[in-house]
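One-letter residues, chain by chain:
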Amino acid sequence: MSKKPNIIFIMSDDHASHAMSCYGSRINSTPNLDRIASGGMLFKNCFCTNSICTPSRAAILTGTYNHVNKVTTLSTPMDNQLRTFPKILRGQGYQTAVFGKWHLGTGPEHCPTGFDEWAVLPGQGLYHNPDFIFRAPGGGKKSIVKGYVTDIIADMSLDWLKARDRQRPFCLLCHNKAPHRPWEPDEKHAHLYLNREIPEPGTLYDDYSNRSSAAAAATLRVGRDMDERDMKCGINRGLSENELRKWAYQLYIKDYLRVIASVDENTGRILDYLDKEGLSENTIVIYTSDQGFFLGDHGWFDKRFMYEESLRMPFIIRYPEEIKAGSVNSDMILNVDFAGTFIDYSGGDVPSGMQGRSFRPLLNGHLPEGWQTSMYYRYWMHGGHNVYAHYGVRTLRHKLIYYYADGLGQPGTLDTKEPPEWELFDMEKDPCELNNVYGVPAYADIVTEMKNELHRLQVKLGDEPYFREI
Ligand SMILES: [Ca+2]
């Protein structure tokens, strides 16, 4: 029997790479996640194609963009008849399972398919004593599980690994709920950072000048747009906006980092199990997040925007048999590329309908001819946190964003429209994206190039440009 690699795909929810020490975090330490990076490869330029939970999860499972899989917003559950990488791996002889956050819908048409075993949180799920939906005929059966959600998901994962068929390879999806809002730590980590000031990001007091109106309109602001559940205490609304932002940032970021400490520990438990069982050499371990997150950057929490902190996903991968330990890669990979990569490792053929491409050559230290140097992004959920719908293109240096600001009748969007606007950022000169240079004469040629590239990608991927009837 050929020795196919096992796959453990650990995905957290809203974990930005600038809260991981292997990515140079200034605010926390993640020693167990760092074990994956130091034993394998760290990707510096992994991006999502739509920075919210449900759409990014659909893109990861299906290897397609959201205009193809139709999972455009948080209100568009995924059709569970779609072709996904776990189904293909199962066909390749893998035993498959998913535990934790699913967020692609519930019931017979949306519950997990393609898995031998599963137990998932309904919707966002709870941190403490959460309900789980367990595999059962008719779409699953719900019951409460006592304990803390991150521990429970790791327990379920380990129990399944221990009971697996040892003659066949496995593919385990371990999907943390943490560190999603409202950032509720367990008792064990609640004391962390108590007497410490966490460094503020350089753009915490952003005033949104020199950009389109979209940035100022968004209701993502730390403090102003948070509630008592986020803060776990009353809020003094009499403070100035910046005073409130300063105060709320400390509470917010400490809770965010506390729930990550539990993710890190539980990841360590899984890595320890692999070591103990002699599985580490032949098991591909991935740690990622469904998108990035604003950690007070631009004065924000949440995601959605095509700006760097939200667009960028952490992606670290360890597979000692093929990947050189301690390597770092700066080539561009996307969430739609994951499915094809895992299918490649399983020995299967990537179906032609999958739009992503296997990046296994990059993991082996080879850059294939014609590898992508630009990426297409589209946020459909117009009005979610009052973030306007937009699409855009990012190259290695520039980013062009078009806020078409129209829900187009998609579920979960606002009916109101806003005047369309463009933004262009030169990320070499302006890495924090504070200065929109769209319309600046010196960038006229870049604008033309970027628009051409945007159009090329839309044609290639089969998405339609936006036109509004005036
Ligand atoms: Ca998410």
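Refer to the preceding data block for the structure.
A brief report on the enclosed structure follows.

Criteria and cut-off values
- Note that residues are indexed from 1 along each chain, following the sequence as it is written.
- Side-chain atom pairs in this predicted model are given and counted only at pLDDT of 80 or more, local residue features only at pLDDT of at least 70, and totals for whole chains, interfaces and linings cover all residues.
- As a rule here, side-chain values cover all heavy atoms of the structure and leave hydrogens and water aside.
- Under the DSSP-based scheme used, a helix requires at least four consecutive residues in state H or I and a strand at least two consecutive residues in state E, with every element numbered from the N terminus.
- Using C-alpha atoms as the atom set, the radius of gyration is obtained and then compared with a globule rule of 2.2 Å times the number of residues to the power 0.38.
- Only heavy atoms enter the contact rule, under which two residues are in contact if any of them lie within 4.5 Å.
- Here, Shrake-Rupley sampling with a 1.4 Å probe gives the accessible areas, and only protein chains in the shown set may cover a residue.
- None of His or the chain ends enter the tally, which takes Lys and Arg as positive and Asp and Glu as negative.
- Charge coordinates come from a single atom per side chain, which is NZ of Lys, CZ of Arg, CG of Asp or CD of Glu.
- Two strands qualify as a pair provided that DSSP identifies no fewer than 2 bridges between them.
- Helix axes are fitted only over the stretch in contact, all axes being lines through C-alpha atoms; the angle between N-to-C directions runs from 0 to 180 degrees.
- Working definition: with a 1.4 Å probe on protein chains only, accessible area under 20% of the residue-type maximum means buried, over 50% means exposed, and in between means partly exposed.
- Only nitrogen, oxygen and sulfur atoms within 2.8 Å of the metal, or 3.2 Å for Na, K and Ca, are treated as donors, and water is left out, so sites may look incomplete.
- As used here, the term nonpolar core means buried Ala, Val, Leu, Ile, Met, Phe, Trp, Tyr and Cys residues forming a set that is joined through side-chain atoms within 4.5 Å.
- What counts as a salt bridge is simple: a side-chain nitrogen of Lys or Arg found within 4 Å of a carboxyl oxygen of Asp or Glu.
- A 3.5 Å cut-off defines polar contacts: any pair of N or O atoms within that distance qualifies, except that in protein one atom must be a possible hydrogen donor and the other a possible acceptor, and neighbouring residues in sequence count only when both atoms are side-chain atoms.

Now for the overall build of the protein. Scanning the protein for helices and strands turns up twelve helices and 14 strands. In terms of overall dimensions, the protein is globule-like: its C-alpha atoms have a radius of gyration of 21 Å, near the 23 Å expected for 470 residues. For the protein, the spread of C-alpha atoms along the principal axes amounts to about 65 × 50 × 45 Å. Considering only contacts within the protein whose residues lie at least 6 apart along the sequence, 69% involve residues at least 24 apart. For the protein, the exposed area adds up to about 17,800 Å²; of that, 51% sits on carbon and sulfur atoms. Taking the 52 positively charged and 59 negatively charged side chains of the protein as two groups, their mean positions are separated by 3 Å.

Bringing the sheet that holds strand S6 (residues 141-144) into the picture now. Judged by pairing direction, the sheet is mixed, and its ten strands sit side by side in the order S6-S5-S4-S3-S7-S1-S8-S9-S2-S10 without closing on themselves. Unpaired on one side and paired on the other, S6 and strand S10 (327-334) mark the two borders of the sheet. This sheet shows a mean twist of 20° between the axes of neighbouring strands, independent of strand direction. Bridge count between strand S2 (residues 41-47) and strand S9 (residues 312-318): five bridges; the pairing is antiparallel. The partner of Cys46 across the bridge, within S9, is Met313. Contacts from helix H2 (residues 53-62) reach strand S1 (6-12), strand S3 (95-101), strand S7 (170-175) and S9, with the element oriented near 165° to S1.

So, on to the pairing of strand S11 (residues 374-379). For S11, the buried fraction is high: six of the six residues fall into the buried class. Burial along S11 is two-sided: Ser374, Tyr376 and Arg378 facing one way and Met375, Tyr377 and Tyr379 facing the other are all buried. Relative to strand S12 (residues 390-395), S11 is paired through six bridges, and the arrangement is antiparallel. Across the sheet, the residue bridging to Tyr379 is His390, located in S12.

Before going further, it helps to examine the coordination of the calcium ion. At 2.2 to 2.7 Å from the calcium ion lie its protein donor atoms, namely Asp13 (OD), Asp14 (OD), Cys53 (SG), Asp290 (OD), Asp290 (OD) and Gln291 (OE1). Each donor residue of the calcium ion belongs to the same chain, with the gaps between them written as D-D-x38-C-x236-D-Q. Here Cys53 is found in helix H2, whereas its partner Asp290 is found in the loop between strand S8 (283-289) and helix H9 (308-311), with 237 residues between them in sequence. Assessed through its relative accessible area of 0%, Asp290 is described here as buried.

Another aspect to go through is the nonpolar core. One finds Phe43, Phe85 and Phe305 to be the most contacted residues of the largest nonpolar core, which totals 92 residues. The element contributing the most residues to this core is helix H12 (residues 444-461), with six residues. Judged by nonpolar contacts, the second largest core, of 36 residues, contains Phe170, Val259, Val263 and Ile270.

By the definition in use, this model includes 35 salt bridges. Its salt-bridge partner being Lys303, residue Asp14 comes within 3.1 Å of it at the nearest N-O pair. Of the two residues, Asp14 sits in the loop between S1 and helix H1 (31-38) while Lys303 sits in the loop between S8 and H9, which places them 289 residues apart along the sequence. Looking at Lys303, the relative accessible area reads 3%, which means it is buried.

Looking now at the pairing of S3. Counting buried residues in S3 gives seven out of seven residues, a clear majority hidden from the surface. Across six bridges, S3 lies against S7 in parallel orientation. Residue pairing in the sheet places Thr96 in a bridge with Cys171 of S7. Pairing geometry for S3 and strand S4 (residues 117-121), over five bridges, is parallel. The residue bridging Ala97 from the neighbouring strand is Glu117, located in S4.

Before going further, it helps to spend a moment on the side chain of His382. Checked against the element boundaries, His382 lands in the loop between S11 and S12. Here the side chain of His382 touches Ala405 through a polar contact of 3.4 Å, landing on its backbone oxygen. Beyond its immediate chain neighbours, meaning those up to four positions away, His382 contacts Val387, Tyr388, Ala389, Ala405, Asp406, Gly407, Gly412, Thr413, Leu414, Thr416, Lys417 and Glu418.

Note that all results are geometric; they support no functional claim without further evidence.
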